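For reference, the chains in residue letters:
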Amino acid sequence: MLSTAQMLEKYYLVDKLPNIWCAGCGDGAIAAALVRAVDELGIDKNSLTQVNGIGCSGRVGAYQDFDVIKGTHGRALAFATGIKLFKPELTVVAIMGDGDCGAIGGNHFIHAARRNIDLTALVINNRIYGMTGGQSSPTTPFGDRASTALTGSVERPFDLCQLAIGAGATYVARGTVYHIKQLQRLLKNAIAHKGFSFVEVVSQCPIYYGRYNDEASPAAMLRWQKESAVSVTAAQGLSPEELQGKIVIGEFVAKDEPEFVSEYQALIDRYGQEAAE
Amino acid sequence: MLSTAQMLEKYYLVDKLPNIWCAGCGDGAIAAALVRAVDELGIDKNSLTQVNGIGCSGRVGAYQDFDVIKGTHGRALAFATGIKLFKPELTVVAIMGDGDCGAIGGNHFIHAARRNIDLTALVINNRIYGMTGGQSSPTTPFGDRASTALTGSVERPFDLCQLAIGAGATYVARGTVYHIKQLQRLLKNAIAHKGFSFVEVVSQCPIYYGRYNDEASPAAMLRWQKESAVSVTAAQGLSPEELQGKIVIGEFVAKDEPEFVSEYQALIDRYGQEAAE
Amino acid sequence: MPDSVVTRKGQRLRILLTPRYCKGCGICVELCPAKVFGSEPATGKAYLAAVERCVDCGLCELWCPDYAISLEREANL
Amino acid sequence: MPDSVVTRKGQRLRILLTPRYCKGCGICVELCPAKVFGSEPATGKAYLAAVERCVDCGLCELWCPDYAISLEREANL
Amino acid sequence: MTTPRLLQGNEALVEGALAAGVRFFAGYPITPATEILELMARKLPRLGGKFIQMEDELGSMGAVIGASVAGAKAMTASSGPGISLKQENIGFAIIAEIPCVVVNVMRGGPSTGMPTLPSQMDVMQAKWGAHGDHPAIALAPWSVEECFTTAVRAVNLAERFRTPVTLLSDAEIAHMREVYAPPESVETIDRPRPNCPREEYVPYRPDERGIPAMADFGSGYRWHPDSNCHDEYGFPATNNHAVGDKLVRRLVGKVNDYAEEIHWLSEERLEDAEIVVFAFGSVARSASEAVDVARSQGIKAGLLRPISIWPFPDPAVAKVAARAKAILVAEGNLGQLLGEVQRVAAGRCPVAHFSRVDGLIPRPEQILARIKELA
Amino acid sequence: MTTPRLLQGNEALVEGALAAGVRFFAGYPITPATEILELMARKLPRLGGKFIQMEDELGSMGAVIGASVAGAKAMTASSGPGISLKQENIGFAIIAEIPCVVVNVMRGGPSTGMPTLPSQMDVMQAKWGAHGDHPAIALAPWSVEECFTTAVRAVNLAERFRTPVTLLSDAEIAHMREVYAPPESVETIDRPRPNCPREEYVPYRPDERGIPAMADFGSGYRWHPDSNCHDEYGFPATNNHAVGDKLVRRLVGKVNDYAEEIHWLSEERLEDAEIVVFAFGSVARSASEAVDVARSQGIKAGLLRPISIWPFPDPAVAKVAARAKAILVAEGNLGQLLGEVQRVAAGRCPVAHFSRVDGLIPRPEQILARIKELA
Amino acid sequence: MKRYEARLSGLGGQGVILAGIILAEAAGIHEGRQVVQTQSYGPESRGSACKCDVIIGDEPVKYPGVYRLNLLVALSQDACDKYARDLVPDGLLIYDPLYVKNLPERPLRACAVKATETAEGLGRKIAANMVALGAVAALAGLVSADSLARAVAARSPRGTAEGNLAAFRAGLAAARELRSAIS
Amino acid sequence: MKRYEARLSGLGGQGVILAGIILAEAAGIHEGRQVVQTQSYGPESRGSACKCDVIIGDEPVKYPGVYRLNLLVALSQDACDKYARDLVPDGLLIYDPLYVKNLPERPLRACAVKATETAEGLGRKIAANMVALGAVAALAGLVSADSLARAVAARSPRGTAEGNLAAFRAGLAAARELRSAIS
Ligand SMILES: Cc1ncc(C[n+]2csc(CCOP(=O)(O)OP(=O)(O)O)c2C)c(N)n1
Ligand SMILES: Cc1ncc(C[n+]2csc(CCOP(=O)(O)OP(=O)(O)O)c2C)c(N)n1
Ligand code: SF4
Ligand code: SF4
Ligand code: SF4
Ligand code: SF4
Ligand code: SF4
Ligand code: SF4
Ligand SMILES: [Mg+2]
Ligand SMILES: [Mg+2]
């Protein structure tokens, strides 16, 4: 595995550092986990394309030496779809926030999953809108506080992995910043998977989520990740009540199904053959 | 149960008939099933509000004597959310096509389900865009034909009920036009359910779906619905392969969870009490 | 042609067709379990071919997408 | 203060801190299982307090959100 | 009068909206409009009103329309990117004649541009953003006080004309604090509601001013609002040329024919002005100061400041063009209202331009320098 | 020349686009643009190109941007409601300088209006629909042949200027059939691509005409397109006033400073014309016929028909205004380009208007009657 | 001939659009004339009245709409009722008497052509539109029978050209007889 | 006094925005003067340099920006470096010597006020902004200490008024001494 120094040298735009994230924000570590996964897969830098959404999480690519397009809020997967379909030889990874992917970008999310297009969607779930200053997001737990829910959210949150499964994603996994080595593995599997891969990382926003919910220390937030985590297998034995407040981590789904870009290529080939005959 | 004559007299704008749907289209029968369900529930005409999407399916309300808003394509559930939240005493039913709800309206769909707002979402799934002339929709089965997929769709379709479940809907059911009596029951349960209710009706578009897929007779399409249907309970015993091409009908989910509008009302009440104290 | 039948429950069931609404889709014609309906050759519209065969399954009325069929029951026969 | 330690695998492990990147979030300080890091009172930035305690779990390097920690291993000790 | 408070522009805007009767807000966070969302979230439930943070801006606009149809005075707020996303549903509100207020707190640049910095780059979008012929009403405050008063007016105009009204604030005004004592109460206007017997209600039959009465959903008056061109009953008439023609002309006419009811201008030192600066919103603060300084230096300068931007104040501009030596249009964009002023001036006097598009409002001396060039 | 065929407008448009090198299309069905989608679905895979029916118009525009960044000449097509939904992503394509073509087959009314009937109601939206200062290029065909030629030109202009180009067709032109023999091949323009060593590539450093070279994603030239105001390296500089200013001015200037490269007009009988009709697209067909009839009746009428609508043909209109007795703007809307013509005419000659907004194109005699009034 | 306006009308499904396209191709491609074809579009074209206009000229046809209709082919009563009034005084109405029972009261040249019956006789009811086209060739003096036949052959979907041509020729023959009868 | 321009600056978290608001309220509400307050906004306000401008006048303050800064409070070196150049020649710089080590070279009235230290001494490091406000009251001659104290009390979140006022008074006292020392 790459040391940080090696990683920075090989993959980072070091003159852009230090990054702009707040002290203790999860984004930096997740960004590094992604890079290390890419490195372990031996993917050429020039053939990896990142699409970033808008949000604090949308700054990941700004420090990295890949082709990166930072699109409009919520549309990362639509951009990614165009890139991948036109140039299938690129490995495409979209990085989004819980608001970016789960709120405004929800439609592209479920359709990318449905099509089973060979992309990796990485959602950094800090359960809040970080960039705009702490509004509730579709993953803010019921009763938790945010700047638009000062007395506690009255909305039920998404379980983004269940949503991905419902939409038909063929690789679905959840990790946390605390379980950083597992996260790296999950990202590796996700990128290697042929089809639509979804990885949700439970992350920490000490500045807003933490502040509004009385747990401002980054380390405390990581400890909470550790203590709340149960593995997918362990979770199968638990009742919904027991799972209340838990983070289920690991791989939920990993299966093969017709992949959109290949199916489309097959269509082209069919015509090509017809023409040749 | 209302006879058709009684139904027309009590609930229809008879001067708008005959309806504009093509011969054998499923929309008319589904519209009637809804009205009969409403009648059996004894809901006052003035307190039922319909929101229609755009598409052939979006014409249901145009013949019926309810308050009906026919919004922009895909936004029915957003409109419905505003109506219900502002005026909780109204019973709100949104009627959408598979394209309207499942394609362009997907985001509002999953979020209404997440919030568990007390609405009924009825999707008329004819597996095609009827109104615009037969393009593939997100529910067009893989390999089936449409005007934008003349040699067969290369995209995997949604299972809309599974998507609703993944998004957190608390009432989820599927019916068909063939099983019209069951459909009426499902609609009754859906409307009576407190929370977000989703009912998908597998319907027939003989003109486009039928034409592109060599089964143009409405009666044949209904027979296909009959033959492909398996009940939710029967489906539990079947393998994915055995379920291939089947329509699973019945109730998938019916559970109680915090409902958004009530939770919000509780918030208002809390403040009211505080102020009073 | 009679347009009514006495059902097993002893009700008189009248089948009311509104040709103006009928689009001739053939659903009632093909799916009525008792083959009560026929289809006019020129227009394809439904007509009552054999009401007496009706077994009061009630489906034609619910299926007809054009509200062209109404089943009227006289309760106190 | 030494900045390296010999691991159980017999490698020499050097912990490289880049104070310019460190934002003093306290993650390494609080979560290192071996309490290797301290926190400067004025700035909150991390410093190496007791490298010799390091058990080479590798986590501080992966956790640090600011790329301020690099673990350099000399293979052939 | 309440006691004076130091209020932020966005705060005063929310208070104005609430004072005018807004009881429904749906929105989505975006800088520099987010405080409006946050304040509405906090304040509405205390007033028995309803707040919802929607999944996106399209949904926010949709929810606002739904609530309005159910009887609410309803509002949403956003900035450029979000406003672009609302355009389709704004068009719906226009054709179905659903009153509502859309706040655009303008920021810089196309796309996400310069999210925290002010601009006046969306002023033409406020008129032309939605497809199809349609009317437009837009107001633009230049101070914290006017954030309050234009918010009240925006709600009232929406109700009066049954159409969406845009409130064009900007990042400067939105985050600026000034001392203001909002009035205890304000004059409010409610949409015309039917009072005929229910059977006689014709939902899209206009009154003598072109506005049909609007029933609340659930009130028993039956109503079928529709996105298509529709007849007086609200039913789609997509191929009926006469119906479509009548509707489109009425929609535009019901606003434009009553433009003088909407026009709201501030005139400073225009009586004898030779050089007239035309500026609105935050830029007008600098322009006004530049005019003061010019006067102190003996230059006959004046300021024409539209508080209502759309419908465009043609008469006021024409009047000025007829007697000024020159008009200087000063804007936080590259010449959007310039074209409008040129159109109305129609060659009667030269029209010059001053732009600043770097996310700062102009310094008064920059405008002064241009005034001097023209004097 | 191929053999002549009877082609529908939408068909010719697709053939033009393909001839110009379009190899990516993402869209969503909508009348009257659907045939473009259907034909692209059928034709692109045969050419090795890529087609996708996206989940909505926002996604379609997003996919087009993605494909263009990956090197494709890319296109989408829709009508009013869908075009409104695309505005936010069009703004992105503008600021990130992603070439692409957006076809708007115009239909009538605001919102869904009159879906199957033609209008010219989106012509101002084509310029001002997106928020923020930005350049606009739009072309409008009046015949089946021009559907082909403007499609070619739209693709070329998008590549030349690295910006989205709008093609404004309408329901009449789109569904009309005429005989046309498309050329065997057409002249095409490709976006400027970098040819410097990779380390020297500065992705947003403009050439002498204001256009930076654009690398394909995956080519090894590193590039970070961003929705914010950005420096020459593409990195966000949201608080850097000088950078923002420079960018916004360059974006607008790179088009407007080269407007004469874009201007494309058809002039009929203008030499000695006293009454000049200004009309475009389907309405110009009636206008042209009206001019012919007027001439046959001894009235000195002429037609100025812009094929490129944006940037507006100021010089041509100014020239006409300087010597005509009157200009008659005939449009399928309530006066959108009227304002532009008035602006440019600047009082040099009267500007009259003729509108038809009922979903039909004007009858020539309607325009003729107005010409006679003015003559 | 400066400008000739033809309208083919009927119900959705009777193939009037295709017939119009063939007429336009005959004139525009096979005879090199100027031509514009338009059609009614949308829900109208499924089931209810439906029309296809073909304007033919020797100079470019600019205004694509109908001023003064020279020829109306009506395959349904509805269409006849709706459009006959657009015919110029000496305009020609070709109608299928199976569907069109009431002719407009105003005077005009009206020819009954049993399009549907004839097509049925040939075993292809669906080719009534081709029979009508044959009648147009015979009666309108607009495009030559030869060009029209070539256009029919060229446009017919694979496997239908023979049948369509047969129907076309039947229409031509029937109408020629008619012409000699009325002339 | 026609127009007085004050800027409070430092790092995000040092409370300069709140201090600016209090200054504006003291002038605008408690003294009835004209006032406009603006602030830097956005990511800047988390962690990096951050500023809050208060313009006070006897006539309405139109242009809300800074022309000629009369007062700069700098609680960080960064802020001092960035903004001191905006001060007019006779402008006043109040700085915290704990953070500001290098003063600008150009001549100006500079007063070191140990805001952070003093606040820490009172057990509320976070109240350094209030100490600075006290110094402003003492040194700027802009608003009365009384108005400022009332503004501090009114704006302080529940339970913090006492501590804030103590810090404010400590700053006032320290700066008064300073003033007597330099005058
Ligand atoms: C269309 C649009 N709406 C709103 C915004 C403002 N905005 C920027 S980032 C963001 C949300 C960020 O939340 P999330 O996606 O969870 O990312 P985080 O900052 O938490 O990493 C919003 C609403 C925008 N840029 N564009
Ligand atoms: C924004 C927008 N995009 C596209 C359309 C065109 N449109 C109208 S209905 C429809 C789809 C209809 O399909 P579906 O929802 O399945 O309804 P159906 O007609 O099959 O009942 C589309 C794409 C529109 N009206 N608005
Ligand atoms: S606001 Fe939250 S998510 Fe954003 S950088 Fe700071 S800690 Fe991270
Ligand atoms: S097109 Fe299909 S869905 Fe639409 S009315 Fe006809 S049969 Fe029904
Ligand atoms: S089902 Fe109804 S519409 Fe269809 S044939 Fe029978 S009566 Fe007619
Ligand atoms: S009720 Fe049943 S049996 Fe009787 S006619 Fe109808 S479908 Fe046939
Ligand atoms: S984890 Fe990194 S940033 Fe945080 S204190 Fe340690 S070295 Fe500093
Ligand atoms: S490698 Fe593990 S034990 Fe060693 S310093 Fe890092 S966290 Fe502590
Ligand atoms: Mg987030
Ligand atoms: Mg459908």
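Use the structure listed above.
Residues numbered from 1 in each chain as written. Chains lettered and ligands numbered in written order. Predicted model: local features only at pLDDT ≥ 70, side-chain atom pairs only at ≥ 80, totals over all residues. Heavy atoms only, no water.

**Focus: the coordination of the magnesium ion (ligand 9)**
Next up, step 1: Each protein donor to the magnesium ion (ligand 9) is listed here as Asp98 of chain A (OD), Asn126 of chain A (OD1) and Ile128 of chain A (O); together their distances run 2.0 to 2.1 Å.
Next up, step 2: Here aspartate 98 of chain A falls in the buried class, since its relative accessible area comes to 2%. (Donors = N, O, S within 2.8 Å, 3.2 Å for Na, K, Ca; no water. Buried < 20%, exposed > 50% of the residue type's maximum accessible area, 1.4 Å probe, protein only.)

**What to know about the interface of chain A and chain D**
Next up, step 1: In this assembly, 34 residues from chain A lie in contact with 20 residues from chain D.
Next up, step 2: Between chain A and chain D the total buried area reaches about 2,100 Å² when both faces are included, carbon and sulfur atoms providing 61% of it.
Next up, step 3: Three residues stand out in chain A for area buried against chain D, namely Thr4, Pro18 and Lys181 of chain A, and they jointly supply 19% of the buried area on that side.
Next up, step 4: Viewed at the interface, chain D and chain A are joined by two salt bridges. (Contact = heavy atoms within 4.5 Å. Buried area = accessible area lost by both parts, 1.4 Å probe. Salt bridge = Lys/Arg side-chain N within 4 Å of Asp/Glu carboxyl O.)

**Re the packing of aromatic side chains**
Next up, step 1: Scanning the entire structure with this criterion turns up 36 aromatic pairs over all chains.
Next up, step 2: Seen from their ring centres, tyrosine 11 of chain A and phenylalanine 66 of chain A are 5.7 Å apart, and the 35° between their planes marks the pair as tilted. Residue tyrosine 11 of chain A is located in helix H1 (residues 4-11), and its partner phenylalanine 66 of chain A is located in the loop between strand S1 (48-52) and strand S2 (67-70); the two are separated by 55 residues in the primary sequence.
Next up, step 3: An angle of 75° between the planes, with centres 5.0 Å apart, marks the rings of phenylalanine 79 of chain A and phenylalanine 92 of chain F as edge-to-face. Of this pair, phenylalanine 79 of chain A sits in helix H3 (residues 76-86) while phenylalanine 92 of chain F is found in helix H4 (residues 80-96), placing the two residues in two different chains. (Phe/Tyr/Trp six-rings, centres within 6.5 Å; stacked < 30°, edge-to-face > 60°. Helix = DSSP H or I, 4+ residues; strand = E, 2+ residues; numbered from the N terminus.)

**Overview of the site of ligand 2**
Next up, step 1: Contacts to ligand 2 come from 23 residues, most closely from Cys56, Ser57, Asp98 and Asp100 of chain B together with Glu57 of chain F.
Next up, step 2: Taken together, the residues near ligand 2 originate from chains B, E and F.
Next up, step 3: Glycine 130 of chain B places a main-chain nitrogen or oxygen 2.8 Å from an oxygen atom of ligand 2.
Next up, step 4: Take methionine 131 of chain B: an N or O atom from its main chain is 2.8 Å from an oxygen atom of ligand 2.
Next up, step 5: Burial of ligand 2 by the protein chains amounts to 98% of its free accessible area of 580 Å².
Next up, step 6: Secondary-structure elements contributing two or more residues to the shell around ligand 2 are helix H4 (98-104) of chain B together with H4 of chain F. (Near = heavy atom within 4 Å. Polar contact = N/O pair within 3.5 Å; in protein donor to acceptor, adjacent residues only side chain to side chain. Areas by Shrake-Rupley, 256 points an atom, 1.4 Å probe, with all protein chains shown as cover.)

**Some remarks on the pairing of strand S5 (residues 87-95) of chain H**
Residues and elements named next belong to chain H.
Next up, step 1: Counting buried residues along S5, seven of its nine residues qualify, which places the element largely inside the surrounding structure.
Next up, step 2: As paired strands, strand S4 (residues 69-74) and S5 are joined by five bridges and run parallel to one another. Paired with leucine 71 across the strands is leucine 92, a residue of S5.
Next up, step 3: The parallel pair S4 and S5 is bridged by helix H2 (residues 77-83), and the resulting crossover is right-handed.
Next up, step 4: With four bridges connecting them, S5 and strand S6 (residues 109-112) associate as parallel partners. (Pairing = 2+ DSSP bridges. Right-handed = clockwise from strand over helix to strand, strands pointing away.)

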